[in-house]
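Letter by letter, the chains look like this.
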Amino acid sequence: MSKEIIKLAKISKKFVGANKDIIVLKNINLKINSGELVSLTGPSGSGKSTLLHLIALLDQPTSGEVFFKKKSFSKSTEGEKDLVRRQGISIIYQQNNLLSDFTALENVTIPLVINGYNWKDATKKASKILSLVNLSKRLNHFSTELSGGEQQRVAVARALITEPDLILADEPTGSLDRKTANEIFSLFSKLKSKNRAILYATHNRELANKADYKLNILDGNITRKNA
Ligand SMILES: Nc1ncnc2c1ncn2[C@@H]1O[C@H](COP(=O)(O)OP(=O)(O)O)[C@@H](O)[C@H]1O
Ligand SMILES: [Mg+2]
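J.: What's the story with the packing of helix H3 (residues 104-114) against helix H5 (residues 148-161) in this structure? I'm lost.
T.: Any two packed helices are characterised by the angle at which their axes cross and by the distance between the axes. Axis separation between H3 and H5 bottoms out at 8 Å; the angle between their running directions is 20°. In terms of their interaxial angle, H3 and H5 are classed as roughly parallel. Seen along the crossing, H3 lies across H5 with a hand that is right-handed. Across the interface between the two elements, Ala104, Asn107, Val108, Pro111 and Leu112 from H3 touch Val154, Ala157, Arg158 and Ile161 from H5.

Below, the structure written as structure tokens:
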């Protein structure tokens, strides 16, 4: 059965500028349930990253409330939000996802160790997940020795290893060529699970249309469209 993962209630976000304030989000109401694969589109500067940061509890709305699994975070401490993020939310960025001084295997292992696993068990689980994204032959390569697509596959493996309820991706295929972008995207489709929601921002209309439905931001408002 699907569960509510995210709810935004009357969210507004304003950035205060030297000359002029920028209102990026205006009174947004939104729900995303487990099992859903959702794309987020909108012109550059429309607020996609801002929205993802609010949902990830990395930033605070100017007004309104963010709920994650039905809990409000308006009054939570940074420590409480950290814990929820560590266990329940993973984010994938366009670039610089990986720690360059560590191997692919270590990059994927570390989040589990932070969550209390011992290295041995964590490493075993990390190898399994890396083989799922076809990187068994790259375990001991440093991220600088991997192609852009391989790096993003490691980032996807790392996002998955903690079995989060929510995966957020901010233009994860933005720096990749078309074929590689499609490969990363098919991974998302494969990761679709009844226990998890995936929300990804993209400029690519073709990839946006492969979601269960699309959210589009324009002038601070969000509309939902069938993909
Ligand atoms: N920390 C900030 N301070 C001031 N303005 C910001 C800040 N972050 C984003 N903005 C502004 O908010 C708007 C939306 O930005 P962003 O969410 O990054 O858009 P997108 O990801 O869709 O390209 C832009 O006009 C941007 O300049
Ligand atoms: Mg952005």
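J.: Help me understand the packing of aromatic side chains, please; the structure alone is not making it clear to me.
T.: Two aromatic rings, taken as a pair, are described by how far apart their centres are and by the angle between their planes. If you walk through the whole model with that rule in mind, you get three aromatic pairs. Geometrically, the ring pair formed by Phe188 and Tyr200 is stacked, given 6.0 Å between the ring centres and 20° between the ring planes. Here Tyr200 lies in strand S8 (residues 197-201) and Phe188 lies in helix H6 (residues 178-191), a separation of 12 residues in the sequence. Note on accessibility: Phe188 and Tyr200 belong to one class, buried. Here a set of aromatic residues connected by ring pairs shows up, and it is made of Phe185, Phe188 and Tyr200. The ring centre of Phe67 lies 4.9 Å from the NZ or CZ of Lys7, which sits over that ring.

J.: Got a minute to help me understand the site of ligand 1 in this structure?
T.: Surrounding ligand 1, one finds Phe15, Val24, Pro43, Ser44, Gly45, Ser46, Gly47, Lys48, Ser49 and Thr50. Here an oxygen atom of ligand 1 and a backbone polar atom of Ser46 are 3.3 Å apart. Between ligand 1 and Lys48 there is a distance of 2.9 Å, counted from an oxygen atom to a side-chain nitrogen or oxygen. Out of a free accessible area of 560 Å², ligand 1 has 58% covered by protein chains. The biggest single contributor to the shell around ligand 1 is helix H1 (residues 48-55), with three residues.

J.: Help me understand the nonpolar core in this model?
T.: In summary, soluble globular proteins display a tendency toward joint burial of nonpolar side chains. Ile92, Val108, Leu130, Val154, Val156 and Phe188 are the most contacted members of the largest nonpolar core, which has 35 residues in total. Elements supplying a minimum of two residues to this core: H3, helix H4 (119-132), H5, strand S7 (166-170), H6 and S8. If you tally residues by element for this core, the top one is H5, at seven residues. Contacts of Ile92, omitting those with residues within four sequence positions, involve Asn97, Gln152, Ala155, Val156, Ala159, Ile167, Leu168, Ala169, Asp170, Pro172 and Phe188.

J.: Looking at this structure, I do not really get the environment of Asn29. What am I missing?
T.: Within the secondary structure, Asn29 sits in strand S2 (residues 22-33). Considering only alpha carbons, one finds Asn29 and Lys124, 95 residues apart in sequence, at a separation of 41 Å. For Asn29, the contacting residues outside a window of four places in its chain are Leu8, Ala9 and Lys10. Within the structure, Asn29 has its side chain in polar contact with the backbone nitrogen of Lys10 (distance 2.8 Å).

J.: What exactly am I supposed to notice about the pattern of salt bridges here?
T.: Opposite charge on two side chains makes pairing possible when the charged atoms of those side chains draw close. For the coordinates displayed, the defined rule picks out nine salt bridges. In this structure, Lys69 engages Asp165 in a salt bridge whose closest nitrogen and oxygen atoms are separated by 3.2 Å. Remark: Asp165 occurs in the loop between H5 and S7 and Lys69 occurs in the loop between strand S4 (63-68) and strand S5 (71-72); sequence separation between them is 96 residues. Given the relative accessible area of 44%, Lys69 is considered partly exposed. Using a relative accessible area of 13% as the deciding quantity, one classes Asp165 as buried. With a closest N to O distance of 2.7 Å, Lys192 and Asp212 form a salt bridge. With Lys192 in the loop between H6 and S8 and Asp212 in the loop between helix H7 (205-208) and strand S9 (213-218), the pair connects residues that are 20 residues apart, well separated along the chain.

J.: Teacher, can you tell me more about the sheet that holds S4 here?
T.: In any sheet, the strands associate via hydrogen bonds between backbone groups, in a parallel or an antiparallel arrangement. Taken in spatial order, the four strands of this open sheet run S2-S1-S4-S5, and their pairing is antiparallel. The sheet is open, and its two edges are formed by S2 and S5, each paired on a single side. Sheet topology places S4 next to S5; two bridges connect them, and they run antiparallel. By the bridge assignment, Phe67 is partnered in S5 with Ser72. Against the sheet, H1 contacts strand S1 (4-15), S2 and S4, and its axis sits at roughly 125° relative to S1.

Scoring rules and cut-offs
Residues numbered from 1 in each chain as written. Chains lettered and ligands numbered in written order. Predicted model: local features only at pLDDT ≥ 70, side-chain atom pairs only at ≥ 80, totals over all residues. Heavy atoms only, no water. Axes fitted to C-alpha atoms, helices over the stretch in contact; angles between N-to-C directions. Helix = DSSP H or I, 4+ residues; strand = E, 2+ residues; numbered from the N terminus. Parallel < 35°, antiparallel > 145°, perpendicular 65-115°, else oblique. Left-handed = near helix turned anticlockwise from the far one by under 90°. Contact = heavy atoms within 4.5 Å. Phe/Tyr/Trp six-rings, centres within 6.5 Å; stacked < 30°, edge-to-face > 60°. Buried < 20%, exposed > 50% of the residue type's maximum accessible area, 1.4 Å probe, protein only. Lys NZ or Arg CZ within 6 Å of the ring centre and 35° of its normal. Near = heavy atom within 4 Å. Polar contact = N/O pair within 3.5 Å; in protein donor to acceptor, adjacent residues only side chain to side chain. Areas by Shrake-Rupley, 256 points an atom, 1.4 Å probe, with all protein chains shown as cover. Core = buried A, V, L, I, M, F, W, Y, C linked by side-chain atoms within 4.5 Å. Salt bridge = Lys/Arg side-chain N within 4 Å of Asp/Glu carboxyl O. Pairing = 2+ DSSP bridges.

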